[in-house]
Amino acid sequence: MTTTETPLRPRLPDWLKVRMPGGPRYIELKQLMRDSQLHTVCEEAHCPNIGECWERSAATFMILGDICTRACAYCAVTTGRPGTLDLGEPFRLASTVKRMGLKYCVITSVNRDDLPDGGAGIFSACIKQVRAAVPDCRVEVLIPDFDGNWDALAKVVAAQPQVLNHNIESVERVFRRVRPRGDYRQSLELLRRVKDLDPEMPTKSGIIVGMGETVDEVKQTMADLRAADCDLLTIGQYLRPSIKHIRIDRFYTPAEFEELRVAGEAMGFKHVASGPLVRSSYHADEQHDAASEPAAPKI
């Protein structure tokens, strides 16, 4: 009797197939990250766009180490007990941004529930150090929920990133299954509070589809984000990182992603990046430019 091993994922449709990374700029940046002792979410989260983005000198830095205190059902980042806080990280990051000649820098992190402020102080220091080293570089941050610590959120907003991103990731019905340590309403409250702290700061969020939700539920989550005055949105396809992660429910078609983009623009988002390979930081500079347009009405 033989057993059949469960496949990691169904066969990928043609629109999800990408070329393996390996160009000269990619190799150069990979070595630079190792020399600087920095992590990128591009590598840790197995992003399918790593080849394209690194060839155009775009990378998303992942601060606060590479071990997360949470175990989300869709995420490839390692879960466990993080090491000690690296106070030199903001300086190394800023130096690397300068060496790369970046005009737009995206900074995210693992969850650090072991820290009183969730790592907000390091986020703030990174923003300030990048701005000091490369004054014309715009900075976007993709932050965790800080476990509802609004003083920590205020610390990041006070550092004045050009865009503040917090991903809601999924719809309310599915949320607890894929983000057991998170809270759907808390994530919406975080985005709402950013506008209370700084009404002019562009906010952004992201949704991963293919984890058991319906299209109508995705549209409701989009409406919830707009009600929280969220300006920018990314929508992309879930790709299962390992056999331990939640199964792929289905692959959305390019036409369905286009439908969601059109629906989002009709709701008043200033920019919606919606496509099979779209991720939170994909062409983030273009989304920032869209955020400078006149404010959209709240629904």
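Given the structure is predicted, the values throughout are model-derived calculations rather than measurements.

Undergrad: When you look at the overall build of the chain in this model, what are you seeing that I'm missing?
TA: What the chain contains, in helices and strands, is eleven helices and ten strands. Counting every position in the chain, which comprises 299 residues, the buried fraction comes to 55%. By sequence separation, contacts in the chain at least 24 residues apart represent 75% of the contacts at least 6 residues apart. Counting only carbon and sulfur atoms, one obtains 52% of the accessible surface of the chain, whose full area is about 13500 Å².

Undergrad: Quick question: what am I supposed to make of helix H5 (residues 120-133) here?
TA: Helical geometry note: an α-helix holds 3.6 residues per turn, so side chains three or four residues apart project in the same direction. In this model H5 runs 20 Å from its N-terminal to its C-terminal C-alpha over 14 residues, within 8% of the 20 Å that 1.5 Å per residue would give. For H5, the complete set of buried residues consists of Ala 120, Ile 122, Phe 123, Ser 124, Cys 126, Ile 127 and Val 130. Each element contacted by the buried residues of H5 is listed here: strand S2 (60-63), helix H4 (89-100), strand S5 (104-109), strand S6 (138-142) and helix H6 (150-158).

Undergrad: Before we go on, may I ask you to explain the environment of Cys 230 in this structure?
TA: Considering the arrangement of structural elements, one finds Cys 230 in the loop between helix H9 (215-227) and strand S9 (232-237). Taking relative accessible area as the criterion, Cys 230 reaches 0% and is therefore assigned buried. For the pair Cys 230 and Asn 165, spaced 65 residues apart in sequence, the C-alpha separation works out to 9.3 Å. Sequence-distant contacts of Cys 230, that is, excluding residues within four places in its chain, are made with Thr 203, Lys 204, Ser 205, Leu 225 and Phe 269.

Definitions and cut-offs
- Residues numbered from 1 in each chain as written.
- Predicted model: local features only at pLDDT ≥ 70, side-chain atom pairs only at ≥ 80, totals over all residues.
- Heavy atoms only, no water.
- Helix = DSSP H or I, 4+ residues; strand = E, 2+ residues; numbered from the N terminus.
- Buried < 20%, exposed > 50% of the residue type's maximum accessible area, 1.4 Å probe, protein only.
- Contact = heavy atoms within 4.5 Å.
- Areas by Shrake-Rupley, 256 points an atom, 1.4 Å probe, with all protein chains shown as cover.
- Expected span 1.5 Å × (residues − 1).

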